[in-house]
Each structure stands twice: as C-alpha cells, then as structure tokens.
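# Notes for the structure review
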Amino acid sequence: MKVLFIGNSHTFFNDMPNLFADMVQQESGEPVDAVMLAYSGRDLNWHHQEYFSVRYNLLYGQYDYCIIQQAAHPFPDPCSTDANADWILQLCHTAHTKPVIYMTWAEQAHPEHARMMIDYYTGLAGRSGSLLAPVGQVFEALRNSHPEIDLYWKDGEHASVYGDYLAASVLASTILQHPLTSMSCTGLDFLQDEPFDFAHPGLIEHPEKEVIPLDADTCAVILDAIAQIMVKH
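Now for a look at the structure at hand.

## Let's talk about the pattern of salt bridges
- If you walk through the whole model with that rule in mind, you get two salt bridges.
- A salt bridge links Arg127 to Asp82; the nearest nitrogen and oxygen atoms lie 3.1 Å apart. In this pair, Arg127 is assigned in helix H6 (residues 114-128) and Asp82 in helix H5 (residues 78-95), connecting sequence segments 45 residues apart.
- Given the relative accessible area of 54%, Arg127 is considered exposed.
- In this structure, Arg115 and Asp119 form a salt bridge, with 2.8 Å as the shortest nitrogen-oxygen distance. A residue pair is termed a helical-turn pair when its members lie 3 or 4 positions apart in one helix, as Arg115 and Asp119 do in helix H6 at four residues.

This is the structure:
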C-alpha cells in the first residue's frame, strides 16, 4: 500500500505518518510506503501555489490513498477550503487514488470550535465521496469523557504522543475500514527532552530512539473511543 500525506505540522508532528504505516502493517500484514508533503504553518492554498509538487506525486507516484489535511488553528474559511481541496480531489480522481479527508481538532483553549470543524469535514467528505478520518471528533469525545488523557502538546494546539497515537489509529482504521484490534501500546516522540522551535528545530534523529512505551489502559480507551465513532460513520 502506498499513501501520500498532504498537510502541515499536524501531519508531521511525532512522525505520525510512520506510526500510521506501522499500525496498518501490524493490523493487515501489508507493507506501507508513507510519503509526506507537510510544511509548518501551511494551508491547502499554499500547497495549491506549490501545485507542481503535489501534481507530480499524485500523477506519477501510484498512490493508493491521499490523506488531505487542511490548516487547523485558525481554521480557514470553508469556501476557501472547498476550492483548495477540490483541485487535490480532482488530481486524486485522475490518478485513481482514493482521497481521505483528515479531520483535525479544535485548540485546547477553544473547544467551541470543534463542532464547526466536525460538521464541515463530515460535509466535505460526503460531497466529494472521500473517506473521512474523524480524528477531531475522537479528540472531542475523549476531551469530554476522559479529560485525564493529555492529547495536546504543551502549546495546546499540536498533538501529544497520545494525540498522535489517536490520529494514526483513526487514519489506519479509516483506510482499513474497521477499528484496530490488537495494537501495540507504543508511540513516537520525536522531541522527548529536546527543545523545539519551528524555525530552528532540534529533534531525535535516530528513528529507533523515538519509539516509547505508552500506558496500555490509555491506549485501550483511545481505541475504544475510535471504535464507537467509526460505527457511527
């Protein structure tokens, strides 16, 4: 399976696409090649301006799926998102690649934004015939039912290690079309004790050192919340 991720830091944080690939392979036994076009602070309009990179990947990359992530904080105008998602969706159609709409989450300080994002992304996936990965909906459900689970990084916008475990699990479940069953309780932390600055980042540069154990009970709660919401979709 070959998957293209288009987005920004809500895609690349904690090397989430690699965690997703590991999950899909663990669940299905199928190797996954995850390719990423994600840049800090960029929205789909920026990707449109850099059109040729996305175009080349989709037309010649032979991707099975394309995961599309719009900017989140602040969430752009829905009309702008419609227009800037449409050209990617058309390229996916031309390339016979299945698009996946990646629903992001509201800021920790503004939970009132969640409903708008859930409604918009659900509508976009329905109108375009795309798969919907309801990451933001699971975030919101867990914020309400299990506030003790820290899904946010220290800035209150990006995902923590558990938040990215959630995101990768939802994306894997969406593509496999069923909830994950017996997923290992490990995550990826590309920061650990390193300082992080988007202009001058310092990260863990050895992928095997990124893998950390997660609390098994917390992972089980996350996977159960995903299963409940996937049934509704």
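## Structural notes on helix H4 (residues 51-60)
- Val54, Asn57 and Leu58 are the residues of H4 that are buried. Seen from one end, H4 has its buried residues packed into an arc of 90 degrees, which puts them on one side. Opposite the buried face of H4, at more than 90 degrees from it, the exposed residues are Phe52, Tyr56 and Tyr60.
- Looking at the packing, one finds that the buried side of H4 touches strand S1 (2-7), strand S2 (33-38), helix H3 (44-49), strand S3 (65-68) and H5.
- Following H4 by one or two positions, Gln62 adopts a phi angle in the positive range, close to 55 degrees.

## Notes on the side chain of Ser173
- Here Ser173 is to be found in helix H8 (residues 161-176).
- The buried category is assigned to Ser173, whose relative accessible area is 1%.

## So, the pairing of strand S4 (residues 98-102)
- Most of S4 is tucked away, with four of its five residues classed as buried.
- Bridge count between S3 and S4: four bridges; the pairing is parallel. Looking across to S4, one finds that Ile68 is bridged to Ile101.
- In this fold, the crossover linking S3 to S4 by way of H5 has right-handed handedness.
- The sheet contact formed by S4 and strand S5 (residues 131-133) spans three bridges and is parallel. Across the sheet, Val100 pairs through a bridge with Leu131, a residue of S5.
- Between the parallel elements S4 and S5, the chain passes through H6 in a crossover that is right-handed.

## Concerning empty space enclosed by the protein
- For the coordinates displayed, the defined rule picks out one cavity of 30 Å³ or more.
- Considering only enclosed or pocket space, the largest cavity measures out at about 40 Å³ in volume.
- Lining the largest cavity are Leu44, Ile68, Gln69, Gln70, Thr81, Ala85, Ile101, Tyr121 and Leu124.
- At the level of elements, H5 and H6 are the ones that each hand at least two residues to the lining of the largest cavity.
- Split by residue class, the lining of the largest cavity holds six nonpolar, three polar and no charged.

Cut-offs and rules
Residues numbered from 1 in each chain as written. Predicted model: local features only at pLDDT ≥ 70, side-chain atom pairs only at ≥ 80, totals over all residues. Heavy atoms only, no water. Salt bridge = Lys/Arg side-chain N within 4 Å of Asp/Glu carboxyl O. Helix = DSSP H or I, 4+ residues; strand = E, 2+ residues; numbered from the N terminus. Buried < 20%, exposed > 50% of the residue type's maximum accessible area, 1.4 Å probe, protein only. Arc of directions from axis to C-beta. Contact = heavy atoms within 4.5 Å. Pairing = 2+ DSSP bridges. Right-handed = clockwise from strand over helix to strand, strands pointing away. 1 Å grid on protein atoms, 1.4 Å probe; cavity = no way out; pocket = protein on both sides within 12 Å on 5 of 7 lines; lining within 4 Å. Points joined across faces, edges and corners; volume = space filled by probe spheres on them. Nonpolar A, V, L, I, M, F, W, Y, C, P; charged D, E, K, R; others polar.

These figures come from the coordinates and say nothing about function on their own.
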